[in-house]
Amino acid sequence: MKIVRGYKTELDLNNVQRTACLKHAGAARYAYNWGLSRYQEEYVAGRKTPNAISLHKELNALKSTEFPWMYEVSKCAPQEALRNLQKAFENFFRKCKLKKLGKHRGKCGYPKFKTKRKGIGSFRLTGTIHVYENAIQLPRIGKIRLKEAGYLPCDGKVLSATVSEKAGRWYVSVQIEEEMLDPIPATGKVIGVDLGVKTLATTSEAETFENPKALRKNLKKLARLGRRHSRKVKGSKNRKKAARKLARMHARIANIRQNAIHQATTALAKTKPRVIVLEDLNVKGMMASRKLARAVGDVGMSEFKRQLTYKAIEHGSTVNTVSRWFPSSKTCSCCGWVDEDQKLEDRVFVCLDCGYVADRDYNGAKNLAQTEQDLSRLA
Ligand SMILES: [Zn+2]
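This structure is a prediction, so every number in the text was calculated from the model and none was measured. (Residues numbered from 1 in each chain as written. Predicted model: local features only at pLDDT ≥ 70, side-chain atom pairs only at ≥ 80, totals over all residues. Heavy atoms only, no water.)

Asks: Tell me about the side chain of Asp-194, and name the residues and values.
Replies: Residue placement: Asp-194 occurs in strand β8 (residues 190-195). No salt bridge forms around the buried Asp-194; measuring N to O, its nearest opposite-charge neighbour Arg-360 is 6.4 Å away. With residues near it in sequence (within four places) discarded, Asp-194 still touches Leu-200, Ala-201, Thr-202, Glu-279, Asp-361, Gly-364, Ala-365 and Leu-368. (Helix = DSSP H or I, 4+ residues; strand = E, 2+ residues; numbered from the N terminus. Buried < 20%, exposed > 50% of the residue type's maximum accessible area, 1.4 Å probe, protein only. Lys, Arg positive; Asp, Glu negative; His and termini not counted. Salt bridge = Lys/Arg side-chain N within 4 Å of Asp/Glu carboxyl O. Contact = heavy atoms within 4.5 Å.)

Here it is in structure tokens:
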């Protein structure tokens, strides 16, 4: 079975390469914005709206007269940016359709113009890309050193490479097509995993994965840096400096969280459970617990689910999702009694029927695991 995997790692750019990357990202952003305004012109005029291919043709025709500077960068950068634009419109129309059917809440996400102020951005390259032990060869930019040696797989077909910048650091994300042997079906236990705000995850085997301590500490620092930033005079140098510090802290927190999720999901997948039962995420319910939920919960939980799903499948496990309406944390995992008066802050589950007492998340995880056992009994 062929699978496509993404690998993201940090680049070690020299000054020439950094300039080249900035130019490529600039060209990609420019092409995206140009494409978006062309799209809007055609739409307003009542004509057929252009797609990525027709936009790229038009852009190429204008290149020599209007944008001669674009010859300095790989032709992939603007081309892939226009593809991204088309994808953005497709996503927008898909969500509009879902919204009409009542299956989507919130915004549909009409494509926005990209701005330099929100970050340098990224660009994608295709074509001849070579991966070495400690470097990557990209078209037009050349061989770039990697900060971590031996992470990118040298065998396998490289489909594309996306270079991006975040808080002063540069990364490359490589899409690699790999041959994967069909996994042997796992024969372990059925486990339920309760994802939470306070603890990252609790399993029905009473295993818990805590949020890293550094996260909480840095969230406090983040709030402080945010306040400092907002107090600086708009447009001043000090405000820019404060913004850079704030962005670095945001990136650091994101890295700590991502690392914790990777470690937990890998550990879980490696135990090779037969079935993993997760709860369909109830983001709205999470939002009810305000601040901490917003900072730690919402991003982390869907990412946890995404990682656990792909890792579990590679280890031969099945991942099942239980409807968000199933009261997993309110139900007694011993006798089935439902605590209708439970509050979000109740950390301990107490059954008033059979006297069972357990950690709330653990009780929830056990209920999730039991849904699967009920199903297999019926089958
Ligand atoms: Zn009970």
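Asks: Quick rundown of the environment of Gly-109? Include the residues and the values.
Replies: Within the fold, Gly-109 resides in the loop between α3 (76-100) and β2 (122-125). Judged by relative accessible area, Gly-109 falls into the partly exposed class, the value being 45%. As a C-alpha pair, Gly-109 and Phe-92 span 17 residues in sequence and 5.5 Å in three-dimensional space.

Asks: How would you explain the side chain of Asp-339 if you had to name every residue and give the values?
Replies: Along the polypeptide, Asp-339 turns up in the loop between β12 (318-322) and β13 (348-350). Among buried Asp, Glu, Lys and Arg side chains, Asp-339 stands out as unpaired, with Lys-330 the closest opposite charge at 8.0 Å. Here the side chain of Asp-339 touches Asp-341 through a polar contact of 3.1 Å, landing on its backbone nitrogen. If we skip the residues at most four places from it in the chain, Asp-339 touches Lys-330 and Phe-349. (Polar contact = N/O pair within 3.5 Å; in protein donor to acceptor, adjacent residues only side chain to side chain.)

Asks: Can you lay out the packing of aromatic side chains for me, pointing to particular residues and giving the numbers?
Replies: A full pass over the atoms with the stated rule returns 10 aromatic pairs. Aromatic side chains Tyr-39 and Phe-89 sit 3.8 Å apart centroid to centroid with 15° between the ring planes, which places their arrangement in the stacked category. In this pair, Tyr-39 sits in helix α1 (residues 15-44) while Phe-89 sits in helix α3, placing the two residues 50 residues apart along the sequence. Neither residue differs from the other here; Tyr-39 and Phe-89 are each classed as buried. (Phe/Tyr/Trp six-rings, centres within 6.5 Å; stacked < 30°, edge-to-face > 60°.)

Asks: Lay out the coordination of the zinc ion in plain terms, naming residues and giving numbers.
Replies: Donor atoms from the polypeptide that coordinate the zinc ion comprise Cys-332 (SG), Cys-335 (SG), Cys-351 (SG) and Cys-354 (SG), at 2.3 Å from the metal. Seen from the zinc ion, its four donor atoms lie at angles of 107 to 113°, and the figure they make is tetrahedral. Within one chain, the residues donating to the zinc ion are spaced in sequence as C-x2-C-x15-C-x2-C. Taken together, the positions of Cys-332 in the loop between β12 and β13 and Cys-354 in the loop between β13 and β14 (357-359) put the pair 22 residues apart, joining distant regions of the chain. (Donors = N, O, S within 2.8 Å, 3.2 Å for Na, K, Ca; no water. Tetrahedral: all angles 85-135°; square planar, octahedral: opposite > 155°, others 65-115°.)

Asks: Before we move on, can you summarise the packing of helix α2 (residues 52-63) against α3 with the specific residues and values?
Replies: Running from N to C, α2 and α3 point in directions that differ by 145°, and their axes come no closer than 9 Å. Handedness of the crossing formed by α2 with α3: right-handed. Packed against α2, whose contacting residues are Ala-52, Leu-55, His-56 and Leu-59, the element α3 presents Pro-78, Gln-79, Leu-82, Arg-83, Leu-85 and Gln-86 at the interface. (Axes fitted to C-alpha atoms, helices over the stretch in contact; angles between N-to-C directions. Left-handed = near helix turned anticlockwise from the far one by under 90°.)

Asks: Explain the sheet that holds β8 to me, using residue names and the numbers behind them.
Replies: Taken together, five strands build an open sheet; the order of strands is β10-β9-β8-β11-β12 and the sheet is mixed. Of all strands in the sheet, those with a lone pairing partner are β10 (208-210) and β12, marking the two edges. Direction aside, neighbouring strands of the sheet carry axes that sit 20° apart on average. Bridge analysis of strand β9 (residues 199-203) against β10 gives three bridges, and the strand direction is antiparallel. When the sheet's bridge partners are listed, Ala-201 is paired in β10 with Phe-209. (Pairing = 2+ DSSP bridges.)

Asks: Describe the sheet that holds β2, naming the residues involved and giving the relevant values.
Replies: Across the sheet, which stays open at both edges, the seven strands sit in the order β2-β6-β7-β1-β5-β4-β3 with antiparallel pairing between neighbours. Looking at which strands have only one partner, the edges of the open sheet turn out to be β2 and β3 (130-131). Note that strand β1 (residues 2-12) and strand β7 (residues 169-179) share nine bridges and pair antiparallel. Note that in β7 the partner of Glu-10 across the bridge is Tyr-171.

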